[in-house]
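The primary structure of each chain is shown beneath.
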Amino acid sequence: MEEEDLYQDRIQEYYEEPYHRGRCPGCTHAHQDTNPLCGDVIRLELQIDGQGRLKEIYFNGDGCCISQAAASMLVEKFDGRSVEEVKKFTATEMLELFGVRLTANRQKCCLLPWRVLQAALYSPVSQAPDVQGSDGPGRSCR
Amino acid sequence: MSATAATTILDPEAYRPDFPILSMLLHGDVPLVYLDNAATSQRPRQVIQAIVDTYERHYANVHRGIHWLADQSTDLYEDAREKVRAFINAPAREQVIFSNGTTGSINMVARSWGDANVRRGDEILLTEMEHHSNIVPWQQLAVRSGAVVRFLPITDDGQLEMGALDQFLTERTKLVAVTAISNVLGTVNPVAEIIRRAHQAGARVLVDGAQSVPHLPTDVLAMDCDFLAFSGHKMLGPSGVGVLYGKLDLLEAMPPFLGGGSMIRRVRLDGFEPGDLPAKLEAGTPPIVPAIGLGAAVDYLNAVGLPAIHEHACRLTEHAHRVLNAVGGVRLLGPDPSRKGGIVSFTLERIHAHDVAQLLDRHGIAVRAGHHCAMPLHKRYGVNATARASFYFYNTIAEIDKLGEALRQVKGLFHRHD
């Protein structure tokens, strides 16, 4: 039944017309990871300002509808929010944000961007622009 | 591994009633279309019954007890070994070692033969189309020994670069490990020729037969391989049992891989003497019932006939190429269908393989999606995941048509905003 909803319009719109998919201007933090089971890749790039806010947040990646739509929702939710809010955001809340019940296997797809965002908070990029990940996220992932 | 001359055309409907799972309805009322045979096949009643009979009437540990049941189970277990021996035309039953699967068999060779024979600077030649189970054990051996792992490249259409083989075979090549049929591309490799050329260069050859043994007649003598590894569960048998075939002198010289019961002649407090083959390489209680089930699977496959099985798979593959090409937006990996076994991997434009598989499941169609334990191969073709339909002799032309129709609907669902 949950599966009937999996490819509903709302999810597909996030997948086909994603929010902030691309490179982050003035990126200060970035992280990329894969789901080893399927090879899905998500990269998150953030610009965290002096007040601990996510001034900019962008994602890129390659993977199934669920992982990419989940990343898109996550980026939309936290655009302009604080680092503290991201840290408090739990895996369960991520699944709730996605809004469609997922089987255990597909939960991993949904939680990949959440995991990457949590790690990105602790992954400052070098001050020199475009040193890390300069070869285009998504393409260079693997 | 030679295809024999024309056989009578196989009718899958004659065999489907033997496979209880194939008549299952999914999601209420959708008939199962099982196209994931390269991952694991289904089992006929005859195999299931052999397992039940063993547990109900013949089960005890093998090669140990002096009681009636122990004799029964030992006889059945050794009968299974004899059936497998004949199935691959091995000269002697000691050359058929029961392992826990293809992975177990390859690791046994890497750990035992590899550690005893491969030294710093030696080379192990693999190909870019190997399954992880025929890559990682050799990478681990390279770490232990200081040997180098090299990869024979593949062409854009998924065939081995045979023209480059002699360059890759050097005086340092100790072993060539190659799959007989790619689990992703479906390519049937010219293993006999690889073996001949490797032997001329002084290298040993291990053939990964996980995909080929269930589909093609296998003759280890004609092929002249040094080792052959394959699994029971892809050829109608239970999971948990596989086979390592080896040339007798190589197996005899191999130190026992695992130590324990069964594999010894004598144990003293200050050491042990290993037992004879095959026990030397079957430490501990072996996969008794899975091996007996595999024996029943071999009987079944012999009755159907391997040449007919292969021809049927080729017919389905050809049909699948036609049907999938007609869907539009489908990219097929691997060579022309005439060079393939029953495996067709593909991508659908702008739709991830996982989504394809999940949506096909709504139509009762089981395919595999992902990298199929062959990440280097997917990287070679610039895709991170593919969907794979793989066939066995119980699959029908009508099932392939259902796959095509379902893919059309998947496309419609995703591209409705276009």
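Cut-offs used in this document
- Residues numbered from 1 in each chain as written.
- Chains lettered and ligands numbered in written order.
- Predicted model: local features only at pLDDT ≥ 70, side-chain atom pairs only at ≥ 80, totals over all residues.
- Helix = DSSP H or I, 4+ residues; strand = E, 2+ residues; numbered from the N terminus.
- Buried ≥ 20, exposed ≤ 12 C-beta atoms within 10 Å, placed from the backbone.
- Contact = placed C-beta atoms within 7 Å.
- Nonpolar A, V, L, I, M, F, W, Y, C, P; charged D, E, K, R; others polar.
- Domains from an automatic or database assignment.
- pLDDT = per-residue confidence, 0-100.
- Pairing = 2+ DSSP bridges.
- Axes fitted to C-alpha atoms, helices over the stretch in contact; angles between N-to-C directions.

### A word on the overall build of chain A
Item 1. Assigned secondary structure in chain A consists of six helices and three strands.
Item 2. Along chain A, from the amino end to the carboxyl end, the secondary structure elements read α-α-β-β-β-α-α-α-α.
Item 3. Put simply, chain A has 142 residues, and 42% of those count as buried.
Item 4. Contacts in chain A between residues at least 24 apart in sequence constitute 63% of all its contacts with a sequence separation of at least 6.

### A few points about the interface of chain B and chain A
Item 1. Counting residues at the interface gives 13 residues for chain B, matched by twelve residues for chain A.
Item 2. Listed by contribution, the elements that provide at least two residues to the side of chain B that touches chain A are helix H11 (353-362) and helix H12 (375-380) of chain B.
Item 3. Looking at the side of chain B that touches chain A residue by residue, the classes come out as four nonpolar, seven polar and two charged.

### What to know about the domain arrangement of chain B
All names here are of chain B.
Item 1. We note that the domain assignment places domain 1 (12-31 + 305-412) and domain 2 (47-302) within chain B.
Item 2. Counting only elements with at least two residues in the side of domain 1 that touches domain 2, the list comes to helix H10 (306-327), strand E14 (343-348), H12 and strand E17 (386-390).
Item 3. Looking at the side of domain 1 that touches domain 2 element by element, the count peaks at six residues for H10.

### Thoughts on the confidence of the model for chain B
Item 1. The pLDDT averaged across chain B works out to 95; a share of 98% of its residues lies at or above 70.
Item 2. Across residues 1-5 of chain B the pLDDT falls below 50, and counting only partners more than four positions away or on other chains, this stretch makes 16 contacts in the model.

### Topic: the sheet that holds strand E3 (residues 54-62) of chain A
Residue and element names in this part refer to chain A.
Item 1. Strand order in the open sheet formed by three strands is E1-E2-E3, and the pairing between neighbours is antiparallel. The open sheet has two free edges, formed respectively by strand E1 (29-34) and E3, since each of these has just one partner strand. Neighbour to neighbour, the strand axes of the sheet diverge by 10 degrees on average, direction disregarded.
Item 2. With six bridges joining them, E1 and strand E2 (residues 41-48) adopt antiparallel strand pairing. Looking at E2, one finds that Asp33 is bridged to Ile42.
Item 3. Taken strand by strand, helix H3 (residues 65-78) contacts E2 and E3, and its axis lies near 175 degrees from that of E3.

### What to know about the sheet that holds strand E10 (residues 242-246) of chain B
All names here are of chain B.
Item 1. Pairing is mixed in the open sheet, where seven strands are placed in the order E4-E10-E9-E8-E7-E5-E6. The sheet is open, and its two borders are formed by strand E4 (96-99) and strand E6 (148-152), each paired with just one other strand. Taken pair by pair, the neighbouring strands of this sheet meet at an average axis angle of 20 degrees, ignoring direction.
Item 2. Here strand E7 (residues 173-179) pairs with strand E8 (residues 204-208) via five bridges, running parallel. Residue pairing in the sheet places Ala177 in a bridge with Leu206 of E8.
Item 3. Packing of helix H3 (residues 102-117) onto the sheet brings it into contact with E4, E7, E8, strand E9 (227-231) and E10, and relative to E10 it is tilted by some 35 degrees.

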